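# Descriptive structure summary
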Amino acid sequence: MRADKRARFDNYIVGSANRLAVAAAHAVADAPGAVYNPLFIYSSAGLGKTHLTHAIGNQAMARHPDMAIEYVPLEDFVEQLHAAIATGEMDRFKQRYGRVDVLLIDDMQFLTGRRETQSELLRLLNSLQGSKRQIVMTSDRPPAEIADVDERLIQKLSGGLIVDIGVPDYETRVAILRAKCEERSVTFEPGVIEELARVEFTNIRELQGALNRLAAAQATDGSLTPAQVNTLVGVPEPAPASSPTAAKQDEFFSFLTDIASAVAAQIEPWKVRVGEAVGFWKGEGYRTGPLERLMTEKQPPENWEALLRGFAQAIDQLKDLEQKASSVDPALGGSELFRDPERLTEAEAFVERALAGAVPPAGPQGAFARASFEESPSNQMAVRAADAVIAEPGHRYNPLFLSGPSGVGKTHLLNAIGNELARRGGANCRVACVGAQLFIDELIAALQDGTIERFRARYRAADVLLIDDVQFVGGKERTQDELFHVFNHFHAAGKQLVFASDVPPKQIEGLEERLRSRFEGGLVAELNVPDRTLREKLFGRFLADARVPTTPELLAYLAERSAASVRELIGTVHRILAAAETSGGPVTLPLAKQTLEPAVGAAPSPPPTVRQAADVFFLDDEKIVWEWPDAAGRLVEELR
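Criteria and cut-off values
Residues numbered from 1 in each chain as written. Predicted model: local features only at pLDDT ≥ 70, side-chain atom pairs only at ≥ 80, totals over all residues. Heavy atoms only, no water. Helix = DSSP H or I, 4+ residues; strand = E, 2+ residues; numbered from the N terminus. Expected span 1.5 Å × (residues − 1). Buried < 20%, exposed > 50% of the residue type's maximum accessible area, 1.4 Å probe, protein only. Pairing = 2+ DSSP bridges. Axes fitted to C-alpha atoms, helices over the stretch in contact; angles between N-to-C directions. pLDDT = per-residue confidence, 0-100. Contact = heavy atoms within 4.5 Å. Phe/Tyr/Trp six-rings, centres within 6.5 Å; stacked < 30°, edge-to-face > 60°. Lys NZ or Arg CZ within 6 Å of the ring centre and 35° of its normal. Salt bridge = Lys/Arg side-chain N within 4 Å of Asp/Glu carboxyl O. Polar contact = N/O pair within 3.5 Å; in protein donor to acceptor, adjacent residues only side chain to side chain. Right-handed = clockwise from strand over helix to strand, strands pointing away. Core = buried A, V, L, I, M, F, W, Y, C linked by side-chain atoms within 4.5 Å. Domains from an automatic or database assignment.

## Topic: helix 17 (residues 410-425)
One turn of an α-helix holds 3.6 residues; hence residues three or four places apart share an orientation. With 16 residues, helix 17 extends 23 Å from end C-alpha to end C-alpha; this agrees with the ideal 22 Å at 1.5 Å per step. Those residues of helix 17 lying buried are K410, H412, L413, L414, N415, A416, I417, G418, N419, E420 and L421. G426 sits one or two positions beyond helix 17 and adopts a positive phi of about 70°.

## Overview of the sheet that holds strand 3 (residues 102-106)
Pairing within the open sheet is parallel, and its five strands lie in the order 2-3-4-1-5. At either end of the open sheet lies a strand with only one pairing partner, and these are strand 2 (69-73) and strand 5 (161-164). In this sheet, neighbouring strand axes are inclined to one another by 15° on average, regardless of whether the strands run parallel or antiparallel. Inspection of the sheet shows strand 2 paired to strand 3 by five bridges, in the parallel sense.

## Remarks on the confidence of the model for the chain
Scored by pLDDT, the chain has a mean of 82; 85% of the residues are at 70 or more. This stretch, residues 235-267, has a pLDDT under 50; its non-local contacts, to residues over four places away or in other chains, come to 31 contacts.

## Some thoughts on the packing of aromatic side chains
Considering all chains together, one arrives at 15 aromatic pairs under this definition. Ring geometry for F439 versus Y459: centroids 5.0 Å apart, planes at 70°, classification edge-to-face. A residue pair is termed long-range when its members are at least 10 positions apart, and F439 in helix 18 (residues 436-449) and Y459 in helix 19 (residues 452-460) qualify at 20 residues. Neither F439 nor Y459 differs from the other in exposure class; each is buried. In this structure an aromatic cluster arises from ring pairing among F280, W281, Y286 and F311. Note that K495 overlies the ring of F490, its terminal NZ or CZ placed 4.6 Å from the centroid.

## Side note on the pattern of salt bridges
When their charged atoms lie close together, side chains carrying opposite charge are able to pair. For the coordinates displayed, the defined rule picks out 34 salt bridges. Here R532 ties to E560 by a salt bridge, and the two come within 2.6 Å at their closest N and O atoms. With a gap of 28 residues between them, R532 in helix 22 (residues 532-545) and E560 in helix 23 (residues 552-560) connect regions that are remote in the sequence. A residue is classified by how much of its surface remains accessible, and E560, at 52% relative accessible area, is exposed.

## Concerning unusual backbone geometry
That bond from N37 to P38 is cis: its omega, 5°, falls within 30 degrees of zero. The backbone of Y397 sits at a positive phi, close to 55°, despite the residue not being glycine. Relative to the assigned elements, Y397 resides in the loop between helix 16 (380-391) and strand 6 (400-403). Since its relative accessible area comes to 7%, Y397 is described here as buried.

## Considerations on the sheet that holds strand 9 (residues 496-501)
As summarised here, the arrangement of the five strands in space is 7-8-9-6-10, forming an open sheet in which the pairing is parallel. On the outer flanks of this sheet lie strand 7 (431-435) and strand 10 (523-526), each paired with one strand and no other. The mean inter-strand angle of the sheet, taken between neighbouring strand axes irrespective of direction, is 15°. By the bridge criterion, four bridges tie strand 8 (residues 464-468) to strand 9 in an arrangement that is parallel. Each residue of the ladder has a partner; that of V464, found in strand 9, is Q496.

## So, the environment of R456
On the secondary structure map, R456 appears in helix 19. By relative accessible area, which is 9% here, R456 ends up buried. The residues contacting R456, other than those within four sequence positions of it, are E79, R478 and E482. Of the polar contacts made by the side chain of R456, one reaches the side chain of E79; its length is 2.9 Å.

## Examining the environment of Q594
Within the fold, Q594 resides in helix 25 (residues 589-596). The exposure class assigned to Q594 is exposed, which follows from its relative accessible area of 61%. With 18 residues separating them along the chain, Q594 and I576 place their C-alpha atoms 9.4 Å apart.

## Notes on the pairing of strand 9
Counting buried residues in strand 9 gives six out of six residues, a clear majority hidden from the surface. Here strand 6 pairs with strand 9 via four bridges, running parallel. Residue F401 lies in a different strand from strand 9, and its bridge partner there is F499. Taken together, strand 8, helix 20 (residues 477-492) and strand 9 form a β-α-β motif whose crossover is right-handed.

## Side note on the environment of D316
With respect to the helices and strands, D316 occurs in helix 14 (residues 304-328). Of the residues examined, D316 reaches a relative accessible area of 45% and is grouped as partly exposed. Spatially, the C-alpha atom of D316 lies 9.4 Å from that of P341, the residues being 25 residues apart in sequence.

## A few points about the pairing of strand 2
The element strand 2 is extensively covered by neighbouring structure, given that five of its five residues are classed as buried. What you see with strand 2 is no split at all: I69, Y71 and P73 on one side and E70 and V72 on the other are buried throughout.

## Remarks on the nonpolar core
Counting residues in hydrophobic clusters, the biggest one holds 58 residues, and the most contacted among them are M108, V470, L483, F499 and F519. Residue-level mapping places this core at the junction of two domains, with at least three residues from each of domain 1 (18-164) and domain 4 (370-526). Excluding its chain neighbours within four sequence positions, the residues that come into contact with V470 are F401, A436, L483, F499, A500, S501, I508 and F519. By size, the runner-up hydrophobic cluster in this structure holds 47 residues, among which are L177, F188, L413 and V498.

In structure tokens:
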């Protein structure tokens, strides 16, 4: 893998926390193999060690064009090693890395427990060092703290220069922010950048995410003042834990068109047979174009019976192909390709790609359109950020992280982004949209079936990846490991990532720091509970969809009622419609008030059946008094 051209020394800000690491990196890039071999750089996630590694590769390539330079994350190195062992091509694997002049290995902390990889890596490092070729490695901890690693390898990793990168200080944060603003042609009022730099972020991704948030807020609300910075980037109040959204069940609609009866009266018996076949296969949900064209013939073709048999055989092949596709992903079995015998060749190619892992997961739900998503101050930043992603996927706000309580429109907006990107990109844009639970389930199935490589290939085949309810990956170590590598693949390739969660990344319990910092490195945009403006727009739309005439007074009254989610608004509309249907009259303001504001009176006494059916102990006359004059006096009392 080549070094990322976007990561260079000239766009890497030097400060007191990284000065030694940068100086060592410059020395290594200028004279590979001559000094600091190996160079081992470590830091917490999001502080720039990967950027610095790529910068070494790019500068070494510029200074020494004839050198072979290879950048590889350790996980990719492990996968390549396992594949070489499985296919009996270890000699080719050794030759590939034996020709490298500068080897850059990222995320060395994943060596833990991998004895076979450690042995091969030790052999490779000895070979490269022996021939004066440069090795650069990064990790989130120093070599001595990487658990369960061969002592010989630890000594080899520690044999050159070990440097760390710390958290940037105030001056460095200001310089980073100014460089990012210049790079994106974004300007702020005096003092805004300085005020943001005073916030002590733990890594640069958090700092970049906060800058994205300010840029999005300024694009939405106009110019910002320094006094607004802390409010916009402050830590949000903890949100109540939400229960997993109930899985939606797809409804299956089937219909049967009885063409056989329509053609039964025809004189030609062969048309009766063809018509019966058309009716049967249409009833099974298949396209019958060839048979319908056959029925338009005035005279029966000599091979009309063979055509009927061939059509049935093609459908049998489609059924077999559909079953194979479903074994990869049940959603793939629903493709229209498997319903049209005339597209048999396309279906075969589709399944071949699916089995090779080249077909990404299912796309977004078409019912969620961007045009039907209403905007208001409560969700304006998220909507504007979504529009920016649609306009420039992979360039602005990557990743985009949508957060907010249940029922405020995260799933709608997530799918709407996917639908717009798919529409604009056409057939060449492959958009994958999955729930985190499906991602977890598919990973478990792949591990059980031994098809993990196909699992990875499927997700990496997408051009855009949208994951809903990503909070469910918290505490699931292997899932986070796979998601980490999928994230890195998409981000390095400039492909858009969008996530949705009921809480911001900082509040996802059990989320690893390496993922949290990456989620926050783009833009975290909140969708809040519907405000009055949004409630009025939504009530107007819901009632219009129900073909109910409204008045400004009715909408104003409904909008004044607070609601925690859009689902509550839908429930309110249903209550009003049910009341109107019961009364037989139109939906009016008095009806709405009567329905939503029932008369408040004394609570009725419990009926006798309650006392008879209830637990005898808790309704004992000595322990509970039900009917006191004052309702507030219905208390559990010990009278003895």
